[in-house]
Amino acid sequence: MADIQALLAALNVFTRAPDKTSLENANSWLQDFQHSPEAWSTCNVLLLSPDAPPAAKLFAAQTFRSKVTYDLHQVDPSNLLPLRDTLVTALERYQNGPKTIITQLCLALSGLALQLPAWDNALQSIVETFGANPATVPVLLQFLTILPEEVSGNTRIPVTDDEYRERSAKLLSDNSEQVLELLSMYLQATGVTHAVQGQIFDCLRSWLVAGEINMSSFGKSPLLAFAFEALASEELFDSAVDVVCEMIHETQEIDDNMPVIELIVPRVIALKSQLEDQKDDPEKIRGYARILAEAGETYRLLILQHTDTFYPIVEAIGQCSAYPDLDIVPITFPFWMRLAQTIGKKTTISPLFGEAYKALMGVVIRHLHFPPDLASMTGQEADNFRSFRHVMGDTLKDCCLVLGADACLLSAYGLITMALSRGPQSTSWQEIEAPLFAMRSMGAEVDVMDNTAVPKIMDLIPSLPIHPRVRYAALLIISRYTEWINRHSEYISYQLQYISAGFEDPDPEVSAAAGQALKYLCQDCKQHLIDFLPTLHTFLATTGTKLTQDDRRQVYEAIAYVISAMSMEKAAESLRTFSLDILSQIHSISSKSTAVTKQELKEVGYGLENLEVMLHVVGPFGDQLPAACRNSCQEAWSFFDIFISKFAFDYDTSERVTRVLRHGITLFGQNALSVASSVLSRMVTSFEATGFSSFLWISGKIVGRFGHESDLVLRNAFQNLYERATNKVVSLLQSKDSRDIPDVLEDYVQLLLQLIRMAPDVFFQSSAFPLAFRATMAALTLIHSDLVFASLDLFRDILTHESLTPSSSPPPKFPIYSSAIKAVMEKEGFEFVGYILSGLVGDFPEDSTAVVVTIFRAVALLWSTQLVTWLPPILQQFPASSTPIQVREQFLLDVTNLLNTAQYDKVKYSILALHRASRKARDRRRVTPLNQA
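Predicted, not measured: the structure shown is a model, and the values here were computed from it.

What counts, and where the lines are drawn
Residues numbered from 1 in each chain as written. Predicted model: local features only at pLDDT ≥ 70, side-chain atom pairs only at ≥ 80, totals over all residues. Heavy atoms only, no water. Helix = DSSP H or I, 4+ residues; strand = E, 2+ residues; numbered from the N terminus. Buried < 20%, exposed > 50% of the residue type's maximum accessible area, 1.4 Å probe, protein only. Contact = heavy atoms within 4.5 Å. Areas by Shrake-Rupley, 256 points an atom, 1.4 Å probe, with all protein chains shown as cover. Lys, Arg positive; Asp, Glu negative; His and termini not counted. Charge placed at Lys NZ, Arg CZ, Asp CG, Glu CD. Phe/Tyr/Trp six-rings, centres within 6.5 Å; stacked < 30°, edge-to-face > 60°. Lys NZ or Arg CZ within 6 Å of the ring centre and 35° of its normal. Salt bridge = Lys/Arg side-chain N within 4 Å of Asp/Glu carboxyl O. Core = buried A, V, L, I, M, F, W, Y, C linked by side-chain atoms within 4.5 Å. Axes fitted to C-alpha atoms, helices over the stretch in contact; angles between N-to-C directions. Parallel < 35°, antiparallel > 145°, perpendicular 65-115°, else oblique. Left-handed = near helix turned anticlockwise from the far one by under 90°. Expected span 1.5 Å × (residues − 1). Polar contact = N/O pair within 3.5 Å; in protein donor to acceptor, adjacent residues only side chain to side chain. pLDDT = per-residue confidence, 0-100. Disulfide = S-S within 2.5 Å.

Quick look at the overall build of the protein chain
Each helix and strand in the protein chain was counted, giving 47 helices and 0 strands. Its C-alpha atoms put the protein chain at 95 × 90 × 55 Å along the principal axes. Taking all 933 residues of the protein chain together, the buried fraction comes to 52%. If you take every contact in the protein chain between residues at least 6 apart in sequence, the share linking residues at least 24 apart comes to 75%. As presented, the protein chain carries roughly 41,200 Å² of accessible surface, and 51% of it is formed by carbon and sulfur atoms. For the protein chain, the distance from the average position of its 76 positive side-chain charges to the average position of its 106 negative side-chain charges is 5 Å.

A word on the packing of aromatic side chains
Working definition: an aromatic ring pair is given by the centre-to-centre distance plus the angle between the planes. Counted under the stated rule, the structure contains 26 aromatic pairs. Here the aromatic rings of F503 and F539 are separated by 5.2 Å at their centres, their planes lie at 50°, and the arrangement is tilted. In this pair, F503 sits in helix α28 (residues 492–504) while F539 sits in helix α30 (residues 533–542), placing the two residues 36 residues apart along the sequence. F539 shares its class with F503; the two are buried. Both rings, one in F814 and one in Y817, keep their centres 5.8 Å apart while their planes meet at 40°; by these two values the pair is tilted. Of this pair, F814 and Y817 both sit in helix α43 (residues 814–841), separated by 3 residues, roughly a single helical turn. Positioned above the aromatic ring of Y498 is the side chain of R471, whose terminal nitrogen or guanidinium carbon lies 5.9 Å from the ring centre. Positioned over the ring face of Y520 is K519, at 5.0 Å from the centre of the ring.

Here we look at the pattern of salt bridges
Here the structure, examined in full by the defined rule, presents 37 salt bridges. The residue E609 makes a salt bridge to R656 at a minimum N-O spacing of 3.1 Å. Of this pair, E609 sits in helix α33 (residues 598–618) while R656 sits in helix α35 (residues 651–668), and the two are 47 residues apart along the sequence. Among the salt bridges present, the one from R857 reaches D905, with a minimum N-O distance of 2.4 Å. Placement of R857 in helix α44 (residues 849–862) and of D905 in the loop between α46 (885–900) and α47 (907–925) is noted, with a sequence separation of 48 residues between them. Take R857: its relative accessible area is 32%, and that puts it in the partly exposed class. Here the salt bridges do not stand alone but share partners, grouping D550, R553, E609 and R656 into one network.

Focus: the environment of Y311
Note that Y311 resides in helix α19 (residues 307–321). Take Y311: its relative accessible area is 10%, and that puts it in the buried class. Remark: the alpha-carbon pair of Y311 and G296, spanning 15 residues in sequence, is separated by 9.5 Å. Beyond its immediate chain neighbours, meaning those up to four positions away, Y311 contacts L352, F353 and A356.

A few points about the nonpolar core
If you look at the biggest cluster of nonpolar residues, it comprises 326 residues, and the most contacted ones within it are M247, F640, I798, F832 and L837. Top contributing element to this core by residue count: α43, with 12 residues. Contact partners of L837, with chain neighbours within four places excluded, come to F856, L871, I874, F878, F891, I911 and L914.

Considerations on unusual backbone geometry
Most of the time, phi is negative for any residue but glycine, and the peptide bond is trans. The residue after G97, namely P98, is reached through a cis peptide bond having omega 5°. Among the secondary structure elements, P98 is positioned in the loop between α5 (80–93) and α6 (99–115). Even without being a glycine, A902 presents a positive backbone phi close to 60°. Mapped onto the secondary structure, A902 falls in the loop between α46 and α47.

As for the packing of helix α20 (residues 333–343) against helix α21 (residues 351–368)
Helix-helix packing is characterised by the crossing angle of the two axes and by the distance between the axes. The geometry of α20 relative to α21 is characterised by a closest axis approach of 12 Å and an angle of 140° between their N-to-C directions. It follows that α20 is oblique to α21 by the angle criterion. Like other packed secondary-structure pairs, α20 and α21 cross with a definite hand, here left-handed. Side by side, α20 and α21 meet where W336, L339, A340 and I343 of the first sit next to F353, A356, Y357 and L360 of the second.

A few points about helix α17 (residues 282–298)
With 17 residues, α17 should reach 24 Å at 1.5 Å per residue; the first-to-last C-alpha distance of 24 Å fits that figure. With respect to burial, α17 is a largely interior element, 13 of its 17 residues being buried.

Observations regarding the side chain of E609
In this structure E609 comes out as buried when scored by relative accessible area, which is 14%. One polar contact links E609 to Q549, side chain to side chain, over a distance of 3.0 Å. Of the polar contacts made by the side chain of E609, one reaches the side chain of R656; its length is 3.1 Å.

Here we look at the environment of E688
Inspection of the secondary structure puts E688 in helix α36 (residues 673–690). Between the C-alpha atom of E688 and that of R715, which follows or precedes it by 27 residues, the distance is 20 Å. Among all residues touching E688, those that are not within four sequence positions of it are R724 and K728.

Thoughts on the confidence of the model for the protein chain
Per-chain confidence: the protein chain averages 91 in pLDDT, with 98% of residues scoring 70 or above. Within the protein chain, α17 carries the highest mean pLDDT (97), whereas helix α1 (residues 2–12) carries the lowest (74). Low pLDDT, under 50, characterises residues 928–933; the predicted model gives this stretch 21 contacts beyond four residues in sequence or across chains.

Details of the side chain of T145
Within the element layout of this structure, T145 appears in helix α8 (residues 137–153). Overall, T145 belongs to the buried group, its relative accessible area being 11%. From its side chain, T145 meets the backbone oxygen of L141 in a polar contact 2.7 Å long. If we ignore the near neighbours within four places in the chain, the residues touching T145 are Q199, D202, C203 and S206.

Thoughts on the state of the cysteines
Using the criterion set out here, one finds 0 disulfides in the structure. Here C106 is not cross-linked by a disulfide; its sulfur's nearest cysteine counterpart is in C203, at 11 Å. C408 provides the cysteine sulfur closest to C400, a residue in no disulfide bond, and the two sulfurs are 4.0 Å apart. Residue classification places C400 among the buried residues on the basis of a relative accessible area of 5%.

A look at helix α4 (residues 54–70)
Helix length check: α4, at 17 residues, gives a terminal C-alpha distance of 24 Å against a target of 24 Å (1.5 Å per residue), a fit within 8%. In terms of burial, α4 is largely enclosed, as 14 of its 17 residues are buried.

Structure below.
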């Protein structure tokens, strides 16, 4: 009774407006209760008690479903059949509802039937109990609907593959004929209601989806004809559509199902007339479109082989594609795609299909038209329409596959020339823009050697109306066709003029499109544009200042592609020319004696972005630098050193400047060694002053690049970096929660990984090592996948280091490394193992298990005695919600036995078992008790 009162009190929390803590506590209590063996009897009392609140009864039913899935092992085998009887009795009690309780009880009975071979005639017994009385037939139909869904879909039920195959055959396959007969009987019963007919259809669909209906038998039942007849019923329409779609899908094995297909197809074709009759009812058209598209996809080979018979299906799908409701149109797109792919494999096809795809292309281009008044669309509607246009663009590619890209492009070209011929007063911009968008979408299908359609399009572009949407579309065509332009370089000059005019357009989208067009033109036609480089430099100096930063960055990227096509010496000179413009900005602001404004710093930041993108595209010159670059590294660093010393405190600036330095290291390669020590010194000083992670990030890149160098000054710089960065991170962890600095911890751990791999002498021999080990443990507490992976990698590298492997003649420093590792583990081992195991059963990423196994095995091998004493208090702290008590006890027993018998490799299986059990417990708790239906 005490359990029932506590349960009711916990459930009562959900009926008021509780605070978050009360809600979480009640939820946790209810979940713990559901796990307990006592829940079986308590919920039975609640479920059968007439005075229990409705929420308590629902929770009791949900608990039975949950416990049948997860906790059937708690029930003595002799009590399993009585449990079945209890559930059946409860189902009889609730035959009139609520439906939510009926559903949960049916789910519980279905799960029990799958796990209880002794219940030999499960389906028949339920039919006998509920099938004879018209009042209980809805309960039977609910059970029959749920049974195949639960048997096929609930993968959490613990049965072996062999057990599943045997029981699913017994429950489903062996009973499918009886279910068909039963549904047919109920369907034709006198006085059957629409509600029951709807349930019959839902049940039939469930068995069809499970693949348990023999279609030959189905074709002989009255269910097939009635499903089509029910499309005329308002109440049954949606259910009938679902059933018809599933029956068509189940006949996809054409040769095996021709007799049934011959019954289905005439009925599908007969729906064509309904498209006109029901054109004002979008929901009806949606249903017909689903049926027709399913038939088209499933029978597409028959459509091609027997076109005269099946072509009306194609025509009807074409009508659905032309429907004005753009939520319905895409239902047809998979059909057109698959049909086009199938046609592509045929040597000859009926000309009717060419006509169908020509009509489809016209339909799609009409759908591409923006509405006459753009202001009539909300922001979300406009975004949705733009996204949908790209989906329609894919269908245009299907048209190209059937008709050929040339024919499709010329068709779109013809629509534009026809519109232009009517004069500007009689032509809307939408009539120009939509075919242009279509041309862009079909661009991927164009042959770069084409001399028929594309030249006409390129000649047309300069004469298009000056409207921002038209210009935007035309610029994106240039972007798409740059590979073709590369083979037809005579068009480059005209395209550059058109692009340049685009930058002058006040519409920001047009300017952005111009930037994109210039980028792709320079990327694909870079050899032809080398002579235009001075013009582009002049353009930057004049027009560049008027551009938005996004557009300006694209221009710099475009220029970089041209530079990358030049000879090494000329490329170096050109890169130096464009870079000096930016470096002069940096020098100017660094030398300024008065306070720098936010805007000035922002402009320099933009310059750094532009320099970054140029360096990224141009890439390295190799270790033998061209003459123009030989002294550039020291010169550039002299600018950056002063700049960083003054402006490191600005976060955006620090991010941008370190990214530029990263590309600078790549550009100068080995030549950057001369400044590496100075850079590291500036980076660690800046990190100490600001705590910004970017300074650690670039430091890790430098260690990774030059870690093998034996230069004494550089090795001292590594040690200085390691110790000062570690002290700063420790200081941050003392003043801030680790959750507030995940970026710092990640870049710090990445730096440590570079040090242990490239400079182990620095890593292990420094006094910073114990502090670094402890700081990295803090990173294991965060829900941050990249950081956790990096931290685990670091601990794996430490605990599996070669210095820990016994050797008769180890390298001179290995004993020092080994001693340092053992000292740290003696001090931190207990807490470290706690973090590792807590993360394993908690929030570590799924793919981290293999690394945890490696780490735990290393600890077991080298610290087995300590591990035996560490584990009991560690496991005791785990909450039952993540690791049930019996799982912890078994893990401790298994690991202790393995350690005592020196079977260290086998601890892997104990770790994997612990992980699986914890995941299962966590999955179970992800759904709150009151929402498990």
